[in-house]
Amino acid sequence: MIEVNGVQHMQNSQGHLVPVDRVDQVDKLRDETVREIVSRAKELSGCLRDERTKMLDSVAALVAIAGDQYGAKIGGEKGNVTLISFDGRYKLVRSMQDKLTFGEQLMAAKALIDECVHEWALNADDNIKVLVNHAFQTDKEGKINTGRVLGLRRLEIRDAKWQSAMQAIADSIQIASTKPYVRFYKRNDTTGEYESISLDVAAV
């Protein structure tokens, strides 16, 4: 609520101030419901973030203790780890996911690929042309989608220039950052398979 000249107003999605007494009752109820639920969601998100940090710290500490047992210095915060409870009912997996980016070699790769497409112009499959152009499209932030570019390396093309381009892509790959993830599983007593314990509100 925003008070202007002693009158309570609500701000609409266009940024306009509307006197409260002119806002439909259903709109007020919707606004109140959304704000209440989102507030609780934000609180839960903060709790999950704090718990995630504690969980990863616990896993790192366990890995370090295991290393000390054998006189090995292990980076407790690095590497994929799978932990299973003594009775085998529960499993925890910590995985490290690298965020990839590309170096200046990618421009050489793009130039070589453009040459290939130009040379194949008469006989090239239109689908390959579309795939190549799509792979190097940038998003709103000017970033290239790593998955699409790396997908080009799966194409079975034996042309020497194309192979040089694929090598340039491989050489251009850089790890910008590494982010840890932790996932939880419970064994199904009937099937013996591990089933994911979801922390996604939408999936519970």
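Quantities reported herein were computed from a predicted structural model and do not represent experimental measurements. (Residues numbered from 1 in each chain as written. Predicted model: local features only at pLDDT ≥ 70, side-chain atom pairs only at ≥ 80, totals over all residues. Heavy atoms only, no water.)

With respect to topology, 4 strands assemble into an open sheet ordered β4-β5-β6-β7, the strand pairing being antiparallel. With partners counted over all chains shown, the strands left at the sheet margins are β4 (81-84) and β7 (194-196), one partner each. Sheet twist, expressed as the average angle between the axes of neighbouring strands with direction ignored, equals 30°. Note: strand β6 (residues 173-187) against β7, 3 bridges, orientation antiparallel. (Pairing = 2+ DSSP bridges. Helix = DSSP H or I, 4+ residues; strand = E, 2+ residues; numbered from the N terminus. Axes fitted to C-alpha atoms, helices over the stretch in contact; angles between N-to-C directions.)

Two faces belong to every sheet, and in a regular strand the side chains alternate between them. Pairing analysis gives 13 bridges linking strand β5 (residues 90-102) to β6, with the strands arranged antiparallel. By the bridge assignment for β6, R94 is matched with V182. What sits between β6 and β7 in their antiparallel hairpin is a turn of 6 residues, with G192 showing a positive phi close to 80°.

The first and last C-alpha atoms of helix α2 (residues 105-119) sit 21 Å apart over 15 residues, in line with the 21 Å expected at 1.5 Å per residue. Every buried residue belonging to α2 is among L106, A109, I113, C116 and V117, and all of these are buried. Along the long axis of α2, the arc covered by the buried residues comes to 95°, so they all point the same way. Exposed and oriented more than 90 degrees from the buried face of α2 are M107 and H118. (Expected span 1.5 Å × (residues − 1). Buried < 20%, exposed > 50% of the residue type's maximum accessible area, 1.4 Å probe, protein only. Arc of directions from axis to C-beta.)

Turning next to the packing of α2 against helix α5 (residues 160-172). Look at α2 against α5: their axes get within 8 Å of each other, and the N-to-C directions meet at 160°. Here α2 lies roughly antiparallel to α5, going by the angle between them. Of the two elements, α2 crosses α5, and the hand of that crossing is left-handed. The residues of α5 that touch α2, namely those facing Q105, L106, A109, L112, I113, E115, C116 and E119, are K161, W162, S164, A165, M166, A168, I169, D171 and S172. Among the residues making up the contact of α2 with α5, the classes are represented as 10 nonpolar, 3 polar and 4 charged. (Parallel < 35°, antiparallel > 145°, perpendicular 65-115°, else oblique. Left-handed = near helix turned anticlockwise from the far one by under 90°. Contact = heavy atoms within 4.5 Å. Nonpolar A, V, L, I, M, F, W, Y, C, P; charged D, E, K, R; others polar.)

The next thing to look at is the packing of aromatic side chains. Scanning the entire structure with this criterion turns up 0 aromatic pairs. The aromatic ring of Y185 is capped on one face by K91, whose charged end is 5.0 Å from the ring centroid. (Phe/Tyr/Trp six-rings, centres within 6.5 Å; stacked < 30°, edge-to-face > 60°. Lys NZ or Arg CZ within 6 Å of the ring centre and 35° of its normal.)

So, about the sheet that holds strand β1 (residues 2-4). In a beta sheet, neighbouring strands are held together by backbone hydrogen bonds and run either parallel or antiparallel to one another. Strand order in this open sheet of 3 strands is β1-β2-β3, and the pairing throughout is antiparallel. In the strand order of this sheet, the two ends are held by β1 and β3 (17-19), each with one partner. Between one strand axis and the next, the sheet turns by 45° as a mean value, whatever way the strands run. Relative to strand β2 (residues 7-11), β1 is paired through 3 bridges, and the arrangement is antiparallel. Residue pairing in the sheet places I2 in a bridge with H9 of β2.

Let us look at the confidence of the model for the chain. Residues at a pLDDT of 70 or more form 89% of the chain, whose mean pLDDT is 83. Per-element confidence in the chain ranges from a low mean pLDDT of 69 for helix α3 (residues 126-135) to a high of 92 for β7. (pLDDT = per-residue confidence, 0-100.)

Time to look at the nonpolar core. I113, V132, F136, L152, W162, M166 and I169 are the most contacted members of the largest nonpolar core, which has 18 residues in total. When residues of this core are traced back to their parent elements, those giving at least two are α2, α3 and α5. V59, V81, V182 and F184 belong to the second-largest nonpolar core, a separate cluster that totals 7 residues. (Core = buried A, V, L, I, M, F, W, Y, C linked by side-chain atoms within 4.5 Å.)

Mapping Y185 onto the fold places it in strand β6. Measuring from C-alpha to C-alpha, the distance between Y185 and L92 comes to 6.3 Å, with 93 residues separating the pair along the chain. Residues in contact with Y185, not counting those within four places in the same chain, are R89, Y90, K91, V93, Y194, E195, S196 and I197.

Turning our attention to the pattern of salt bridges. Taken as a whole, this structure holds 7 salt bridges when the rule is applied. With a closest N to O distance of 2.7 Å, R30 and D27 form a salt bridge. One end of the pair, R30, and the other, D27, are both in helix α1 (residues 25-69), 3 residues apart, so they sit about a helical turn from each other. What makes D27 partly exposed here is its relative accessible area of 33%. (Salt bridge = Lys/Arg side-chain N within 4 Å of Asp/Glu carboxyl O.)

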